Amino acid sequence: MEDESSTRAGLPAGDNAAVASSDQPGLEESTASKTSEEHESSRSRIPWGSLTLGLVALALLIGQDWLIEVLAIPRLQTWTTVLVSIVVQAVPFLVMGVLLSATISAFVPPSFFEKALPKNPAAAVPAAGAAGVVLPGCECASVPVAGSLVRRGVNPAAALAFLLSAPAINPIVMISTAVAFPGQPEVVGARFVASLLTALIVGWIWIRIGKGRNLLRTPQSFAGDGVSKWETFRLTAAHDIVHAGGFLVLGSIVAATINVLLPEEMVEAVAERPWLAILVLAIFAVVVSICSEADAFVAASLTAFPMTARLAFMVVGPVVDIKLIAMQVGVFGRRFAAIFAPITFVVALVCAVVVGWWLL
Amino acid sequence: MKRDVQALVLLTMGVVIWRITWSDLFLNYVKEPMRPLLLVSAGLLVVLGLWSLAIALRQPAEAHSGAGEDHGHDHTRAPKVAWLILLPVAAMFIITPPPLGSDAAARDSGTQPLSQNSDGGYEPLPETDGPITLNLDDYAARALFDGGQSMTDREISLTGFVTESESGGWYLTRFVSSCCAADASAVKVEIQDAPSPPVEQWVTVTGVYTDNGSTDYTKPPAFAAQDVVAIEPPRDTYL
């Protein structure tokens with residue numbers, strides 16, 4: 001694959017990098033591969049990437065039967081099924097979230113956010129956290145949207161509070177939790193309270209530690225002079241889906257590998273010890289990366305575990321897991337994720353334990 | 001990742017997901033209610049892919065030498081990771097991973113994915129001519145948590161696939177999933193009084209409830225078989 005970094009790599013990622021996508025009528029007749037102009041020698045005229053893809057696809061198609069036979073190892077099939085199922089389950093939410101974030105990036109003026117959120121960061125955090133109620137969808141959606149908010153100038157701490165609360169307190173998750181634990185509305189309430197608390201506390205912590213330090217990379221913006229809003233929308237959407245999607249698959253690969261290799265007996269032997277049970281389920285939630293709409297059902301099926309441990313599973317899962325971490329690295333940078341994930345994990349765990357002890 | 005390749009990745013994602021959703025193959029991985037969501041998002045991916053492809057082909061690369069989509073990135077990792085999208089896409093397209101089967105069931109340990117009916121008590125089964133068809137998890141829950149009381153003196157018909165049991169007998173097995181195959185757990189019922197069909201074979205077993213002689217909820221309930229019939233795998237293999 002060609003090296004894509006250009007001599008302009010010094011461009012700060014966060015600035016509005018104008019994209020010169022205006023029409024150039026004189027070049028419309030010639031296709032990308034045939035034109036003779038050579039502005040940068042690193043740009044090939046032949047679409048090597050596409051050609052390679054096409055050839056590989058062709059080879060795979062021709063060798064399909066042989067491949068199916070060779071790959072028919074039951075363990076490998078299970079792994080692939082689990083991987084594909086996580087990805088397929090996530091794709092609609094990813095697409096939905098990205099389209100929403102691209103809409104925010106392209107069509108909502110920055111002034112809207114300045115007016116909508118309180119100036120004071122300490123007040124913006126709870127406002128943004130409570131706003132998480134409006135975004136149905138799993139955590140795959142919240143990362144691109146939060147990235148968009150940061151692009152639009154929203155205070156990072158508030159955007160992060162939103163990122164944490166949206167997957168956990170939106171109506172779909174609340175309903176699924178109610179369905180998973182029939183006749184136990186206190187579970188739904190506990191989940192809501194613990195998750196919102198987590199979002200707010202992490203948001204406020206971030207205000208503190210983020211002061212004067214640039215801890216997250218502002219996601220690249222495609223807006224700029226001379227670029228139509230639809231073009232910005234399209235570029236943002238395509239960019240976000242491909243990048244977040246890649247990390248989604250990466251996280252899913254790790255989750256599927258552990259899913260297929262980890263014996264369930266180990267998990268159950270732990271259930272008898274409450275503190276260990278809570279910690280193990282929290283870690284399990286991180287590793288297994290299940291969409292927040294569904295983790296209530298998984299929690300409900302873990303009948304061997306105490307209720308507080310299962311609450312920890314439901315509170316930790318939507319805010320920190322392998323899939324999310326991978327996506328956050330892609331959108332906000334590695335340094336961000338290295339700081340953010342542990343803080344979130346600890347806060348979520350503590351909130352779940354406290355709320356669980358109080359309400360359950 | 002070059003602009004045209006990005007567009008192709010999006011397009012391929014959309015097309016492959018559309019294909020497996022249109023054809024019921026998606027039921028190997030996720031549940032039926034996901035169908036409209038998958039169709040819509042696949043459609044959107046195709047539209048986005050075609051749109052981006054059209055623009056990428058019309059405008060040669062140097063038109064974007066000002067600042068293309070990868071300029072300003074201070075990392076080259078993300079574009080490379082994005083190639084991973086093609087892994088599940090290729091898997092779906094080329095080998096179509098099968099629904100979970102005996103391998104996954106064998107590694108699934110004791111606890112059945114059943115939650116005790118918190119209302120207490122199970123509804124009596126409706127009257128039928130001939131055997132009543134129950135879902136395997138329904139039967140297992142009634143057997144384990146209700147002592148089979150709602151099923152006495154009834155002929156019952158159960159469907160699942162065959163897996164081996166440790167004691168040399170066989171289980172009728174089915175996967176229960178709440179979200180998708182990733183969180184699926186196996187429900188197993190030990191079949192007595194019938195020789196084992198080939199492993200992985202889907203069968204319908206007709207018979208009656210019988211006590212498995214244990215109060216341990218993790219031990220599979222038992223079923224006394226009167227008749228075993230081989231069948232084609234159902235459209236949706238998960239419960």
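Since the model is a prediction, treat every value here as computed from it, not as a measurement.

### A look at the overall build of chain A
Phase 1: When you go through chain A residue by residue, the secondary structure sums to 16 helices and 0 strands.
Phase 2: Per-residue burial over chain A gives 54% buried out of 360 residues.
Phase 3: By sequence separation, contacts in chain A at least 24 residues apart represent 83% of the contacts at least 6 residues apart.
Phase 4: Summing over all exposed atoms, chain A offers an accessible surface of approximately 15100 Å²; the carbon and sulfur share of this is 68%.

### Examining the overall build of chain B
Phase 1: Tallying secondary structure elements over chain B gives 6 helices and 6 strands in all.
Phase 2: Secondary structure elements of chain B, listed N to C terminal, follow the sequence α-α-α-α-α-β-α-β-β-β-β-β.
Phase 3: Residues counted as buried form 58% of the 239 residues belonging to chain B.
Phase 4: Across chain B, every contact between residues at least 6 apart in sequence was considered, and the portion connecting residues at least 24 apart equals 68%.
Phase 5: Only carbon and sulfur atoms are counted for the fraction: they give 56% of the accessible area of chain B, which is about 9800 Å².

### A short note on the environment of B:Ser157
All names here are of chain B.
Phase 1: Here Ser157 lies in strand β2 (residues 156-164).
Phase 2: Owing to a relative accessible area of 10%, Ser157 belongs among the buried residues under this scheme.
Phase 3: For the pair Ser157 and Ala182, spaced 25 residues apart in sequence, the C-alpha to C-alpha distance is 28 Å.
Phase 4: The residues contacting Ser157, other than those within four sequence positions of it, are Pro131, Ile132, Thr133, Leu134, Thr204, Val205 and Thr206.

### Considering the pairing of strand β3 (residues 170-176) of chain B
All names here are of chain B.
Phase 1: In terms of burial, β3 is largely enclosed, as 7 of its 7 residues are buried.
Phase 2: Here β2 runs beside β3; their pairing, made up of 4 bridges, is antiparallel. Residue pairing in the sheet places Phe161 in a bridge with Thr173 of β3.
Phase 3: Alignment of β3 against strand β4 (residues 185-192), held across 7 bridges, turns out to be antiparallel. Of the residues in β4, the one forming a bridge with Val176 is Ser185.

### So, the pairing of strand β6 (residues 222-230) of chain B
All names here are of chain B.
Phase 1: Relative to β6, β4 runs parallel, the two sharing 3 bridges. If you follow Ile191 over to β6, its bridge partner there is Phe223.
Phase 2: The pairing of strand β5 (residues 202-210) with β6 spans 8 bridges and is antiparallel. Paired with Tyr209 across the strands is Phe223, a residue of β6.

### Remarks on the confidence of the model for chain A
Phase 1: On average, chain A scores 75 in pLDDT, and the residues at 70 or more come to 74%.
Phase 2: Taken element by element, chain A is modelled with least confidence in helix α11 (residues 264-270) of chain A, mean pLDDT 66, and with most confidence in helix α16 (residues 334-359) of chain A, mean pLDDT 93.

### Observations regarding the packing of aromatic side chains
Phase 1: Applying the stated criterion across every chain, the model contains 12 aromatic pairs over all chains.
Phase 2: Feature note: the residues A:Trp206, A:Phe332, A:Phe336 and A:Phe340 constitute an aromatic cluster, connected by ring pairs.
Phase 3: Stacked on the ring of B:Trp51, the Lys or Arg A:Arg234 has its end atom at 6.0 Å from the ring centre.

### A short note on a nonpolar patch on the surface
Phase 1: Taken together, the side chains of A:Trp357, A:Trp358, A:Leu359 and A:Leu360 define a hydrophobic patch exposed on the protein surface, amounting to about 510 Å² of accessible area.
Phase 2: Relative to the helices and strands, A:Leu360 is located in the segment after α16.

### Comments concerning the pattern of salt bridges
Phase 1: Counted according to the given criterion, the structure contains 7 salt bridges over all chains.
Phase 2: Across the salt bridge formed by B:Asp103 and A:Arg75, the nearest N and O atoms sit 3.2 Å from each other. Placement of B:Asp103 in helix α5 (residues 102-107) and of A:Arg75 in helix α3 (residues 74-107) is noted, with the two residues assigned to different chains.
Phase 3: With a shortest N-O distance of 3.2 Å, B:Arg35 and B:Glu32 are connected by a salt bridge.
Phase 4: What makes B:Arg35 buried here is its relative accessible area of 19%.

### A short note on the packing of helix α12 (residues 274-288) of chain A against α16(A)
Residues and elements named next belong to chain A.
Phase 1: Relative to each other, α12 and α16 sit at 135°, their axes nearing to 11 Å. For the element pair α12 / α16, the angle class is oblique. Crossing of α12 over α16 shows right-handed handedness. Of the residues in α16, those touching α12 at Trp275, Ile278, Leu279, Ala282, Ile283 and Val286 are Phe345, Leu349 and Val353.

### Describing unusual backbone geometry
Residue and element names in this part refer to chain B.
Phase 1: One non-glycine residue, Asp24, lies in the positive phi region at around 75°.
Phase 2: Topologically, Asp24 is positioned in the loop between α1 (3-22) and α2 (34-58).
Phase 3: A relative accessible area of 21% means that Asp24 is categorised as partly exposed.
Phase 4: At Thr96, a residue that is not glycine, the phi angle is positive and equals roughly 45°.
Phase 5: Topologically, Thr96 is positioned in the loop between α4 (86-95) and α5.

### Describing the side chain of A:Arg191
Phase 1: Here A:Arg191 is to be found in helix α9 (residues 185-209).
Phase 2: For A:Arg191, the residues in contact, after removing those within four places along its chain, are A:Ala168, A:Val173, A:Met174, A:Thr177, A:Ser292, A:Asp295, A:Ala296, A:Leu311, A:Met314 and A:Pro318.

### As for the packing of α1(B) against α4(B)
Residues and elements named next belong to chain B.
Phase 1: For the pair α1 and α4, the least separation of the axes is 10 Å and the interaxial angle reads 35°. Handedness of the α1/α4 crossing: left-handed. Within the contact between the two elements, α1 uses Val9, Thr12, Met13, Val16, Ile17, Arg19 and Ile20 and α4 uses Leu86, Val89, Met92 and Phe93.
Phase 2: Residue composition of the contact of α1 with α4, grouped by class: 9 nonpolar, 1 polar and 1 charged.

### Points about the side chain of A:Thr236
Residues and elements named next belong to chain A.
Phase 1: By secondary structure assignment, the location of Thr236 is in helix α10 (residues 229-261).
Phase 2: Its relative accessible area of 1% is what places Thr236 among the buried residues.
Phase 3: A polar side-chain atom of Thr236 sits 2.6 Å from the main-chain carbonyl oxygen of Thr232.

### Quick look at the confidence of the model for chain B
Residue and element names in this part refer to chain B.
Phase 1: In this model, chain B carries a mean pLDDT of 82, and residues with pLDDT of at least 70 account for 85%.
Phase 2: This stretch, residues 62-78, has a pLDDT under 50; its non-local contacts, to residues over four places away or in other chains, come to 49 contacts.
Phase 3: On the interface metric, ipTM, the complex scores 0.85, and its pTM is 0.73.

### Thoughts on helix α1 (residues 48-62) of chain A
Phase 1: The terminal C-alpha atoms of α1(A), which comprises 15 residues, lie 21 Å apart, in line with the 21 Å expected from a rise of 1.5 Å per residue.
Phase 2: Those residues of α1(A) that fall on the buried side of the exposure criterion are A:Gly49, A:Ser50 and A:Leu53. Down the axis of α1(A), the buried side of the element spans an arc of 95°, and every buried residue falls inside it. Turned more than 90 degrees off the buried face of α1(A), the exposed positions are A:Leu55 and A:Ile62.
Phase 3: Buried residues along α1(A) sit against α1 and α4 of chain B.

Reading the values: the criteria
Residues numbered from 1 in each chain as written. Chains lettered and ligands numbered in written order. Predicted model: local features only at pLDDT ≥ 70, side-chain atom pairs only at ≥ 80, totals over all residues. Heavy atoms only, no water. Helix = DSSP H or I, 4+ residues; strand = E, 2+ residues; numbered from the N terminus. Buried < 20%, exposed > 50% of the residue type's maximum accessible area, 1.4 Å probe, protein only. Contact = heavy atoms within 4.5 Å. Areas by Shrake-Rupley, 256 points an atom, 1.4 Å probe, with all protein chains shown as cover. Pairing = 2+ DSSP bridges. pLDDT = per-residue confidence, 0-100. Phe/Tyr/Trp six-rings, centres within 6.5 Å; stacked < 30°, edge-to-face > 60°. Lys NZ or Arg CZ within 6 Å of the ring centre and 35° of its normal. Patch = residues over 30% accessible without salt bridge, like charges linked within 9 Å, V, L, I, M, F, W, Y side chains within 5 Å. Salt bridge = Lys/Arg side-chain N within 4 Å of Asp/Glu carboxyl O. Axes fitted to C-alpha atoms, helices over the stretch in contact; angles between N-to-C directions. Parallel < 35°, antiparallel > 145°, perpendicular 65-115°, else oblique. Left-handed = near helix turned anticlockwise from the far one by under 90°. Nonpolar A, V, L, I, M, F, W, Y, C, P; charged D, E, K, R; others polar. Polar contact = N/O pair within 3.5 Å; in protein donor to acceptor, adjacent residues only side chain to side chain. Expected span 1.5 Å × (residues − 1). Arc of directions from axis to C-beta.

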